[in-house]
Amino acid sequence: MGLRGASETPLLCRLSWTRRSGTAGVTGTHISTQELARVSPRTAETRAVPRGRIAGLDALRALAVVLVVAHHVWPSALPGGFIGVDVFFVLSGFLITTILVRERTASGRISLRRFWIHRARRLVPALAVVVTVSVAAVAAAQAVAPTGGDDAGGAPWSDLLVGVGAQMTAAATFTSNWLSVAVGQSYATAGAPALLGNLWSLAVEEQFYVLWPLVVAGALAAGASRIRATAGAAALALASAGAMALLFVADADPTRVYVGTDTHAFGLMAGAGLAFWWSGRDGAASASSRGHRSVGARGALAAGVTGAAVLAVLALWLPWQSPATYRGGLVIASLATVAIINAMLHAPAVGRRADVAPLRWIGERSYGIYLWHWPVLVIMVTMLDGGRVREASGVTAVLVVAVTVGAAAASYRWLEMPVRRAGFRASLRALLEWLYPVAEDPEAVRVTRRRRAAAFGGAVAAVLALAGSAVASAPEQTSLERQLDSGAFAAAGGRRLGRRSRRRRHRHSRTRRLRRPSSPRCRPRCRRCCPPPRPRWRCASPPCRTAGTS
């Protein structure tokens, strides 16, 4: 993308990626052909993974994102579509490790600064826009088209803003998965879905991007061989899978073991192990070994076909809360993905056939599709279906898909690719040149500047103002929680007691002679301080809320 002569060309031409080139990335990992080719040496002996674009990975990414979106929009039709996230994890581990190993082989060192800058260029722009626009859209909808409701009836728009400040902070620090664990937000069964709940997987990958390059650099500096590096990655994968199986508790919410980085890192490690295994393969093998290689290619192709069939079965059958999911199901999905990638490396012609135009187009924009689909789904079902995320109507599903694809396409063309190719500073300079063009006619320039500055600046200011007001006015409780508290207060005789008043009364009751408690779970209560209504009452203490007798 050339920036020279930008004042004479429109912004669309200057900020779009006009030359088609292959990419090989996943959700949170979108790696261009130039990145793979830049760090790969030109000698056949060190060229293990095919140099440049790896055919077939775009189709695999498209399959993964379609599974995730279909699972969220039509959960009953595709109960196991969440395995698409594990496909993304395997792809991330494979591609990131491949880039690191190639750079080490080509230059003798790994530039961590350059690696992290490239990941920031890829992830941060689209993520910042999605988070800000989503929060601003909810604030605008709450002000313009409220769905109505009070503490008893519910306020769906307000429910979406509960804890939104913490969600935005976690998105900025890539700790959304640990925020869900800390606040006890269930991934699948929450009454009020989190507006940015899909960012947990991005947080897992970003934590991997921070730590894994250090591990790879240390292992390669210590002279670890291909076999030892592969065995180390396999050991880490087994440890993570074992932690998931051990920490999973039947009939309990599995959110902790599902979104935890420690318990869901086996897919990343499996992909990294595959990259290590291919890193030492001799691409200039002698003619005497070609027969063995052809046999290996046929076996790898058969394993890849089997892996694709396994993924299809798991997507149609594997339920999210089943013990089989966490005690082998997700591990099998990761291994099936490894088999598919290995088959594409052995038989590139298969990957080229899989990279048909629709799948490749979706795969290149899979990161934006993944980011946009969940906030769009939550907003649409709140607007049209009363907030029932798991029961979206057909019209809502069609609108969600259309808006998601449109937003992802626009983000890919005018935001993601310009920043990735030119960097933050050059993209900002191109934007300023568009806002303040230079031409021979001063009057025309002034009019153009005023119009563009007013349109762009006004839109940005409006979005930031709405997002800021949403964070400032976000409620602390959902409408359901307020309703439960109101019912508890009403059952206690109609007196609405604050936390300090309840604490004072309970402390006062301890100084008096305690009679038989009205509820066995509420021992510091006595009849004199908390007289129950006749003949039955409900304890007013929020931790108790159990029925007792007078």
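Everything below is about the structure printed above this text.
Residues numbered from 1 in each chain as written. Predicted model: local features only at pLDDT ≥ 70, side-chain atom pairs only at ≥ 80, totals over all residues. Heavy atoms only, no water.

Draft legend 1. Structural context of the nonpolar core. By size, the foremost hydrophobic cluster in this structure holds 106 residues, and its most contacted members are Ile83, Phe94, Trp200, Trp212, Tyr258 and Ile341. No other element matches helix 17 (residues 366-384), which puts 12 residues into this core. Apart from residues no more than four positions distant in its own chain, Tyr258 is found in contact with Phe82, Val85, Tyr187, Trp200, Met244, His264, Trp320, Tyr326 and Leu330. (Core = buried A, V, L, I, M, F, W, Y, C linked by side-chain atoms within 4.5 Å. Buried < 20%, exposed > 50% of the residue type's maximum accessible area, 1.4 Å probe, protein only. Helix = DSSP H or I, 4+ residues; strand = E, 2+ residues; numbered from the N terminus. Contact = heavy atoms within 4.5 Å.)

Draft legend 2. Region of the structure containing a nonpolar patch on the surface. Judged by side-chain polarity, Trp74, Trp361, Val401 and Val405 come together as a nonpolar surface patch covering roughly 320 Å² of accessible area. In this structure, Val401 sits in helix 18 (residues 394-435). Under the relative-accessibility criterion, Val401 is labelled partly exposed at 33%. (Patch = residues over 30% accessible without salt bridge, like charges linked within 9 Å, V, L, I, M, F, W, Y side chains within 5 Å. Areas by Shrake-Rupley, 256 points an atom, 1.4 Å probe, with all protein chains shown as cover. Salt bridge = Lys/Arg side-chain N within 4 Å of Asp/Glu carboxyl O.)

Draft legend 3. Looking closely at the packing of helix 4 (residues 84-107) against helix 12 (residues 266-279). Between helix 4 and helix 12, the shortest axis-to-axis distance is 7 Å and the interhelical angle comes to 40°. Here helix 4 is positioned oblique relative to helix 12, judged by the angle of their axes. Here helix 4 runs over helix 12; the crossing is right-handed. Where helix 4 approaches helix 12, its residues Asp86, Phe89, Val90, Ser92, Gly93, Phe94, Thr97, Thr98 and Val101 are matched on the opposing element by Phe266, Gly267, Leu268, Gly271, Ala272, Leu274, Ala275, Phe276 and Ser279. For the contact of helix 4 with helix 12, the residue count by class is 10 nonpolar, seven polar and one charged. (Axes fitted to C-alpha atoms, helices over the stretch in contact; angles between N-to-C directions. Parallel < 35°, antiparallel > 145°, perpendicular 65-115°, else oblique. Left-handed = near helix turned anticlockwise from the far one by under 90°. Nonpolar A, V, L, I, M, F, W, Y, C, P; charged D, E, K, R; others polar.)

Draft legend 4. Inspection of helix 17 at higher detail. Its 19 residues place the ends of helix 17 26 Å apart at the C-alpha level, agreeing with the 27 Å of an ideal helix rising 1.5 Å per residue. At His373, helix 17 shows its strongest bend, of approximately 30°, with the proline Pro375 following within four residues. With 17 of 19 residues buried, helix 17 lies mostly within the body of the structure. The positive-phi residue at the C-terminal boundary of helix 17 is Gly386, with phi of around 70°. (Expected span 1.5 Å × (residues − 1). Bend = angle between axes of the 7 residues up to and from the residue.)

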